[in-house]
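Read off the chains here:
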Amino acid sequence: MKKKFYTNQLFIYILLIITSCTPLSKITYLNESDYSSEWDVSPIPTPHYLEIGDILVVKILSLDENMTNFFNVDNNVNSSNDNITAANIYLNGFTINQDGFIEIPYIGDVLVVNKTIEEAKKSIKVEVDKYFKQATVIVKLGNFNITVLGEVNRPNSYPIYKDNISILEAIAISGGITDYGDLSKIKLLRSSNNQKKIHKINLTKKDIIHSEYYYLKNNDLL
C-alpha cells in the first residue's frame, strides 16, 4: 500500500512538471521559418510622429561661438558631457506642450506635433534662420523609452539611445523570456495620435519581420 502511495505521488509530480512546461514551439522564435531559403530584408523602420509630451533635444550650432554656447548648455545630450541622465534630458530638452508647440528661448514657439524628427528639424531651422544665418540645427528625440513586462528575466523600462530598436532586441535586453513565457501570445500597447491600442503579436512566425510592429516606437509597452 505504501509503495503504491509513493508511485502515485511520483506520477502526479511528473505530470505537474509536464503540464507546467511551455511547449518548445511556443518559446522558439520564428520556428515556422523556412531555413532552406534566404531571409528577406526586414522592413524599414517607420518614422516616429511626435506627440504631446515628447521631449526634443535641440542643438543650434553657429560660427558665432558665443551664440552656440548660449543655446547649448553643458549637460545637453549632444554635448561632450558623459553624465547624461533622464533628468538632464527633461530639464534641458523641450517638451511638446498641449498645443503641439515647443518653446525655444529667443526663437519662440515652433509647431512640431504630428511631425517626424526631420520635419520638426526643418521647422525649427526656418525659425532659427530668422535670427541667425548659417546656423546648423540638430534635433533628437530625448525620451525614447520602451517597457518590457511579463515573463521576461528583467522586466523594466529601458531608455533607447538610437533611432530604432526591433522587438527581438527589446526582449533580448530584458534578459529573454522565462520558461513560462509564450512567444505566440505577445501583447504590444502602442500610442498612435495620442490614443493607445493593444496589438497581439506572434513571435513564433516569420511574418513578424514584415510587420509594422517589428520595430518598436517611443513608449511602446510589451
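Residues numbered from 1 in each chain as written. Predicted model: local features only at pLDDT ≥ 70, side-chain atom pairs only at ≥ 80, totals over all residues. Heavy atoms only, no water.

Spatially, S2-S1-S5 is the arrangement adopted by the three strands of the open sheet, whose pairing is antiparallel. Across the chains shown, the open sheet's two edge strands, defined by having one partner strand only, are strand S2 (94-95) and strand S5 (136-141). Sheet topology places strand S1 (residues 55-61) next to S5; six bridges connect them, and they run antiparallel. The residue bridging Leu 56 from the neighbouring strand is Leu 141, located in S5. Seen against the sheet, helix H4 (residues 117-128) touches S1 and S5 and runs at an angle of roughly 145 degrees to S5. (Pairing = 2+ DSSP bridges. Helix = DSSP H or I, 4+ residues; strand = E, 2+ residues; numbered from the N terminus. Contact = heavy atoms within 4.5 Å. Axes fitted to C-alpha atoms, helices over the stretch in contact; angles between N-to-C directions.)

In this structure, Ile 146, Ile 167, Ile 201, Leu 203, Leu 216 and Leu 222 are the most contacted members of the largest nonpolar core, which totals 22 residues. Secondary-structure elements contributing two or more residues to this core are strand S6 (145-148), helix H5 (167-173), strand S9 (186-192) and strand S11 (215-216). Counting residues per element, this core draws most heavily on H5, which supplies three residues. Leaving out residues up to four positions away in the same chain, Ile 201 has contacts with Ile 167, Leu 183, Ser 184, Lys 185, Ile 186, Leu 188, Ile 208 and Tyr 213. Residues Leu 50, Met 67, Ile 102 and Val 110 belong to the second largest nonpolar core, which totals 19 residues. (Core = buried A, V, L, I, M, F, W, Y, C linked by side-chain atoms within 4.5 Å. Buried < 20%, exposed > 50% of the residue type's maximum accessible area, 1.4 Å probe, protein only.)

Before going further, it helps to spend a moment on the packing of aromatic side chains. For the coordinates displayed, the defined rule picks out one aromatic pair. Ring geometry for Tyr 214 versus Tyr 215: centroids 5.1 Å apart, planes at 80 degrees, classification edge-to-face. Note on accessibility: Tyr 214 and Tyr 215 belong to one class, buried. (Phe/Tyr/Trp six-rings, centres within 6.5 Å; stacked < 30°, edge-to-face > 60°.)

Keep in mind these numbers describe shape, not what the thing actually does.
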